[in-house]
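Working through the structure, step by step
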Amino acid sequence: ELDDLIRAIRHDYPILGDVVYLDNAATSCSPEPVVEAMVEFEHRYRSNVGRGVHRFTRIATQRYWHAHEKVAEFIGAQGGITVFTKNTTEAINMVAHGLSWTPGNRVVTTILEHHSNLLPWRSLEKQGVTLDIVGIRPDYSLDMDAFRKMLEKPVRLVAITQASNVLGIITPVHEIAALCREKGVLLLIDGAQAAPHMPVNVSSIGCDFYCFSGHKLGGPTGTGVLWMKEPLLTPLMQGGGTVESVTGDDVVLIQGYEQYEAGTPNIAGGIGLGVAVDYLRKIGMDTIHSHEEDLTSRLIEGLHTIERVRVYASGNPETRIGVVSFTVEEMHPHEIAQRLDEHDILVRSGHHCCQPLMNALNLPDGTVRVSIAHYNTREEIDLFLATLKEIIAGSSPGNPLRS
Ligand code: PMP
């Protein structure tokens, strides 16, 4: 039944007819309803939002606003403010630079972080903010003992990913949130890799900020989200659309998301993002998670059977998403990805914007990364495994065909 569902879904992604797309952690493909919503905006009611009274602007404004509501619901937000951004990177920077810091403030983050959840915090060091980094254990899980120790001293904010874009590890954000609440520490969660693959509920987690990328869950490129429980941030930009009133000596900001979205936003993108989350919800995030877990287990088991392959994955299906990194003895990750591309299989190679993690794992060349989405199939995983096996066999040191 699930196989039938996936087959039906694949009709909505014509791009998947040409290739085996396994680079979903970088960006995923948009289903037709998302593309159609964007085209409809262009063809039928293109106009600006939040200003004017004519018919086009009324439709655009209503749909753009409604998209925010859909996204808030998608992440289980009860209240708070849901702001549309360009991507996760912009969302995290808005928090790092929208809070006011004093010298001696501490931020705690982890070795699992993407550069986008590291560099914004590092840039605060010139304001006297110190940064502490929690490591991982040999099974790649977060070192919670070290984390707890770090919270023994005063901390202003914890910034942590909910799922690693290299190792696929899911971090215990509920436990972390409880610790943060107990100590009065702000918590930012980078949900870029989690939101597309599992049910997320910011109310039950109890975080202060939740950031993710629309383009990684089937939304248009150039879309992302910053949800915040309270409007603690100073907007980084001001201008059109952000104010209730401007008088000689006073500016009153709008109380909703508008105060954080200065200027004309990515309207078609935002409306498309609303359609993307509807699309995923219709399939069901639990269904998506279990389908992807089935493929991930198959992938990891398959990789373990191929000679010269080393897999960097946890054995526990409960704590992982479908992002799997591996290396092949005596072959550069880019060579593997290049050879797979020649067979129409698209994967990522390199450091995945996670150089500190790569250094900690002693992998200066990075890894090959396979990342799964709900529209991938068992057949695709099997084809990937068979092709990889062939590529590796063809390059074995004793093989005369080795290039
Ligand atoms: N955080 C994580 C965990 C990611 O995987 C990514 C994208 N690879 C980002 C942040 C940055 O996302 P974006 O490029 O959309 O800003």
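Presented here is an overview of the structure given in this document. Here the structure is a predicted model, which is why all the values come from computation and not from measurement.

**Some points on the sheet that holds strand β4 (residues 130–134)**
Within the open sheet, the seven strands sit side by side as β2-β8-β7-β6-β5-β3-β4. Their pairing is mixed. Among the strands making up the open sheet, the edge pair consists of β2 (81–85) and β4. Each strand axis lies, on average, 15° off the axis of its neighbour in the sheet, ignoring direction. Sheet topology note: the strand β3 (residues 106–110)/strand β5 (residues 157–161) ladder contains two bridges and is parallel. For Val107, the partnering residue across the bridge sits in β5 and is Leu157.

**Topic: the sheet that holds strand β15 (residues 367–371)**
Overall, antiparallel pairing links the four strands, which are arranged β11-β12-β15-β14 in an open sheet. Of all the strands in the sheet, just β11 (309–312) and β14 (348–350) have a single pairing partner and so form its edges. Sheet twist, expressed as the mean angle between neighbouring strand axes with direction ignored, is 30°. With three bridges joining them, β14 and β15 adopt antiparallel strand pairing. Along β15, the bridge assignment pairs Ser349 with Val368. Those strands touched by helix α11 (residues 333–342) are β12 (323–328), β14 and β15, and its axis lies near 160° from that of β14. Its contacts with the sheet put helix α13 (residues 378–394) on β11, β12 and β15, and the angle it makes with β12 is roughly 15°.

**With respect to the site of the ligand**
In the vicinity of the ligand there are 14 residues, among which Thr89, Asp190, Gln193, His215 and Lys216 approach most closely. One of the backbone nitrogen or oxygen atoms of Thr88 is found 3.3 Å away from an oxygen atom of the ligand. Asp190 places a polar side-chain atom, nitrogen or oxygen, 2.5 Å from a nitrogen atom of the ligand. Bound to the protein, the ligand loses 89% of the 400 Å² it would expose on its own.

**Side note on the side chain of Ser371**
Counting through the fold element by element, Ser371 comes out in strand β15. Reaching out from Ser371, the side chain makes a polar contact with the backbone nitrogen of Asn24 at a distance of 2.8 Å. A polar side-chain atom of Ser371 sits 2.8 Å from the main-chain amide nitrogen of Ala25. Leaving out residues up to four positions away in the same chain, Ser371 has contacts with Leu22, Asp23, Asn24, Ala25, Gly322, Val323 and Asn376.

**Focus on the side chain of Ser47**
Structurally, Ser47 can be placed in the loop between α2 (32–45) and α3 (55–74). The exposure class of Ser47 is buried, given its relative accessible area of 13%. Polar side-chain contacts of Ser47 include one of 3.2 Å to the backbone nitrogen of Thr57. For Ser47, the contacting residues outside a window of four places in its chain are Phe41, His54, Phe56, Thr57, Ala60 and Ile267.

**Overview of the packing of α11 against α13**
Running from N to C, α11 and α13 cross one another at 120°; their axes reach a closest spacing of 10 Å. The orientation of α11 with respect to α13, classified from their angle, is oblique. The interaxial crossing formed by α11 with α13 has right-handed handedness. For the pair α11 and α13, contact is made by Ile336, Arg339 and Leu340 and by Phe384, Thr387, Leu388 and Ile391, respectively. Considered class by class, the residues forming the contact of α11 with α13 number five nonpolar, one polar and one charged.

**As for the pairing of strand β6 (residues 186–190)**
The buried count for β6 comes to five of five residues, which makes it a mostly enclosed element. The two faces of β6 match: Leu186, Leu188 and Asp190 on one face and Leu187 and Ile189 on the other face are all buried. As paired strands, β5 and β6 are joined by five bridges and run parallel to one another. Residue pairing for β6: Ile160 is matched across the bridge by Ile189. Each parallel crossover has a hand, and for β5 linked through helix α7 (residues 173–183) to β6 it is right-handed. For β6 and strand β7 (residues 209–213), the ladder comprises three bridges, and the chain directions are parallel. By the bridge assignment for β7, Asp190 is matched with Cys211.

**A few points about unusual backbone geometry**
Even without being a glycine, Arg308 presents a positive backbone phi close to 70°. Tracing the backbone shows Arg308 in the loop between α10 (285–304) and β11. With a relative accessible area of 17%, Arg308 lands in the buried category. Within the chain, Glu330 stands out as a residue other than glycine whose phi angle is a positive 60°. As for its placement among the helices and strands, Glu330 is situated in the loop between β12 and α11.

**Observations regarding the nonpolar core**
One finds Trp121, Leu157, Val158, Tyr210 and Leu226 to be the most contacted residues of the largest nonpolar core, which totals 106 residues. Broken down by element, this core gets its largest block of residues, ten residues, from helix α9 (residues 267–283). With residues up to four places along the chain from it excluded, the contact list for Val158 reads Val108, Phe147, Leu151, Ile176, Cys180, Val185, Leu186, Leu187 and Leu188. Judged by nonpolar contacts, the second largest core, of 27 residues, contains Leu295, Leu299, Leu385 and Ile391.

**Quick notes on the packing of α10 against α13**
Put simply, α10 and α13 touch, their axes get as near as 10 Å, and they point 15° apart. Viewed along their axes, α10 and α13 adopt a mutual orientation that is roughly parallel. In this structure, α10 crosses over α13, and the sense of that crossing is right-handed. Seen from α10, the contacting residues are Asp294, Leu295, Arg298, Leu299, Gly302 and Leu303; seen from α13, they are Arg378, Ile381, Asp382, Phe384, Leu385 and Leu388.

The rules behind each value
- Residues numbered from 1 in each chain as written.
- Predicted model: local features only at pLDDT ≥ 70, side-chain atom pairs only at ≥ 80, totals over all residues.
- Heavy atoms only, no water.
- Pairing = 2+ DSSP bridges.
- Helix = DSSP H or I, 4+ residues; strand = E, 2+ residues; numbered from the N terminus.
- Axes fitted to C-alpha atoms, helices over the stretch in contact; angles between N-to-C directions.
- Contact = heavy atoms within 4.5 Å.
- Near = heavy atom within 4 Å.
- Polar contact = N/O pair within 3.5 Å; in protein donor to acceptor, adjacent residues only side chain to side chain.
- Areas by Shrake-Rupley, 256 points an atom, 1.4 Å probe, with all protein chains shown as cover.
- Buried < 20%, exposed > 50% of the residue type's maximum accessible area, 1.4 Å probe, protein only.
- Parallel < 35°, antiparallel > 145°, perpendicular 65-115°, else oblique.
- Left-handed = near helix turned anticlockwise from the far one by under 90°.
- Nonpolar A, V, L, I, M, F, W, Y, C, P; charged D, E, K, R; others polar.
- Right-handed = clockwise from strand over helix to strand, strands pointing away.
- Core = buried A, V, L, I, M, F, W, Y, C linked by side-chain atoms within 4.5 Å.

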